[in-house]
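# Understanding the architecture of this molecule
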Amino acid sequence: DSDASPGILNFTLSVGSTITSNLTTENYLGVASDTVADNKNVLIDTQGAANPDQSSLTPGQLYYVQTNGTLSTTAGSPSVVAGIATSATTLLITRS
């Protein structure tokens, strides 16, 4: 987006739309810090941040980003590390 401020990532995702993933180890930024409605801004927790908005995580377990946007303890294709669970609800964001 040509109107984007430095350090701000602008993109649009419509909830309920078909998502085509372009996930790679190079373009993974982090995890949304909150839920967001269509056409609204959202902050992204990036490397080194602790995202406390998860559920059912196993502390100490490594989690991977799946192409549908979910987290799993099994690597997908491509294999993109999301982070390490520090509790059942907190993910420490790391990089592959």
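All figures in this text were calculated on a predicted structure; none of them were measured in a lab. (Residues numbered from 1 in each chain as written. Predicted model: local features only at pLDDT ≥ 70, side-chain atom pairs only at ≥ 80, totals over all residues. Heavy atoms only, no water.)

## Here we look at the confidence of the model for the protein chain
Summing up the model confidence of the protein chain, the mean pLDDT is 81 and the portion of residues at 70 or higher is 79%. The element-level mean pLDDT for the protein chain is lowest in strand β1 (residues 30-32), coming to 87, with strand β7 (residues 91-93) highest at 96. (pLDDT = per-residue confidence, 0-100. Helix = DSSP H or I, 4+ residues; strand = E, 2+ residues; numbered from the N terminus.)

## Quick notes on the pairing of strand β6 (residues 80-85)
Along β6, 5 of the 6 residues are buried, which leaves the element largely enclosed by surrounding structure. Strand direction decides the pairing type here: strand β4 (residues 62-65) and β6, joined by 4 bridges, are antiparallel. From the neighbouring strand, Leu62 faces β6, where its bridge partner is Ile84. Sheet topology places β6 next to β7; 3 bridges connect them, and they run antiparallel. Paired with Ile84 across the strands is Leu92, a residue of β7. (Buried < 20%, exposed > 50% of the residue type's maximum accessible area, 1.4 Å probe, protein only. Pairing = 2+ DSSP bridges.)

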